[in-house]
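Structural description and commentary
For reference, the chains in residue letters:
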Amino acid sequence: MTGSPVITRLQRWQVTVPSLPGLTDSVEFGKNPEQHDHRYLLQLTDSDGFEGWGETVVSGSLDLLDAALEQLAGQPVAGQRTAFLDLWPAEALYWHRPASPSPYAPNPANLQHRLRHPMQSAIEMALCDLTARRAGVPLCQLFGGPWRDRVLVDYWMPRMTPENARRSIARGKELGFSGIKLNTTLEDPNVERLEAIQEEAPDWKVTVDANGRFYRLDDALSTLRAMDAVGNVAIFEDPFPLFHLQDFAQLRPQVDARVVVHIDPPESLWAVLQSGAAGGLNIDCHTGLHHWRMQAAAAEVANLPIWMGSGIDLGIRTAAELHLAASAPNCLLPGDQVGPWLRESHLLAEDFVICDGHVLLPEGPGLGIQVDLDAVDRYSTDQRTFQS
């Protein structure tokens, strides 16, 4: 191996992997969209032939995203500030305009961390994967090492009627899951759906994610109490909009279920911890892997359990999320890394393994996965390669 490896090749794909039929909102609730979000896959290769993989949701123009990759070709692997990569071109940064800034402007170095590039997560993931592969260790070792070799993960369903929910539960049981997370609104048949779930899976616990659509405590308290009384709700996630943290705090003593807040945007973490609104946190890694680990540590200091959030991801990102979840001692609540079971393909050569409601951590160095390049090409809508 060379003493100072450099990034010699970057290959990126834009892929679109549809969701499986029947796994979208029930038509009774209006829109019935298929899951057709675009994903950005990245493969980095260094001068010793080691590779690393990353995945993120496409955000911004391809030209903007490709510009970030182009500047990495030929750069050394060592010395990269992985936790916050300097990817923005100077002319794109708001603190560099106007050309002659005001004498009252703050130091640009104090502002830089506030603007994370859309490619931060994917490039950081690929660099961490490459680094761990070079070291011959699993990715979680870079974040403090594993607390567990498997991660508790629940099945997921969107807004469904009670009858469709029964079919979803049957599929989740067949796959090996032992709990479920569901999306809902205040107007849905919430109690009836929970009762249907209880009949189909008496031992399953449910995470109810309203995405803020229970509006205010006064609007929803009677419904929340009725749902709580069914007995299978373990977690109420984001019943109210985040700007009504006082409603979260007031709800907590009135229900047996745990009240959880999804930390979005990341800057809301301090306000949530101060408010007493949360009995647990959902933290995702859209702003980066190291940033997630720092937020998980802050929650640990506050004695709060968390779960690793996801976005119906493909296999690469799911593997990274499992490694991060394994690295945090307080990541004890059931996650929702179910994307590989909800889409036509996860784009990996091997399936993840479910055991007693847990997904086993992939074994091997780095992410512990092998990407199925034939599947990637099959679902690719755009591809480009950068070389030094």
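Described in the following lines is the structure provided in the data block. (Residues numbered from 1 in each chain as written. Predicted model: local features only at pLDDT ≥ 70, side-chain atom pairs only at ≥ 80, totals over all residues. Heavy atoms only, no water.)

Across its full length, the protein chain holds 11 helices and 14 strands. The C-alpha extent of the protein chain, read off along each of the three principal axes, is 60 × 55 × 40 Å. Accessible area for the protein chain stands at about 16700 Å²; split by element, carbon and sulfur atoms hold 50% of it. For the protein chain, the separation between the mean place of its 30 positive charges and that of its 50 negative charges on side chains is 3 Å. (Helix = DSSP H or I, 4+ residues; strand = E, 2+ residues; numbered from the N terminus. Areas by Shrake-Rupley, 256 points an atom, 1.4 Å probe, with all protein chains shown as cover. Lys, Arg positive; Asp, Glu negative; His and termini not counted. Charge placed at Lys NZ, Arg CZ, Asp CG, Glu CD.)

With that settled, consider the pattern of salt bridges. Taken as a whole and judged by the stated rule, the model has 22 salt bridges. We note a salt bridge from Arg384 to Asp66, for which the minimum N-O separation is 3.4 Å. Taken as a pair, Arg384 in strand E14 (residues 380-387) and Asp66 in helix H1 (residues 62-70) lie far apart in primary sequence, 318 residues in all. Take Arg384: its relative accessible area is 34%, and that puts it in the partly exposed class. Overlapping salt bridges, with partners in common, bring together Asp37, Arg39, Glu55, Asp313, Arg317, Glu321 and Arg343 in one network. (Salt bridge = Lys/Arg side-chain N within 4 Å of Asp/Glu carboxyl O. Buried < 20%, exposed > 50% of the residue type's maximum accessible area, 1.4 Å probe, protein only.)

Glancing now at the nonpolar core. Counting 88 residues, the largest nonpolar core has Leu281, Trp292, Ile316 and Leu347 as its most contacted members. Ranked by residue count, the leading element in this core is helix H9 (residues 315-327), at seven residues. Those residues in contact with Leu281 that sit more than four places away from it in its chain are Val260, Val261, Ile263, Leu269, Val272, Leu273, Ala299, Leu304, Pro305, Ile306 and Trp307. Core analysis: the next-biggest nonpolar cluster, separate from the first, contains 19 residues, Leu65, Leu69, Met119 and Phe386 among them. (Core = buried A, V, L, I, M, F, W, Y, C linked by side-chain atoms within 4.5 Å. Contact = heavy atoms within 4.5 Å.)

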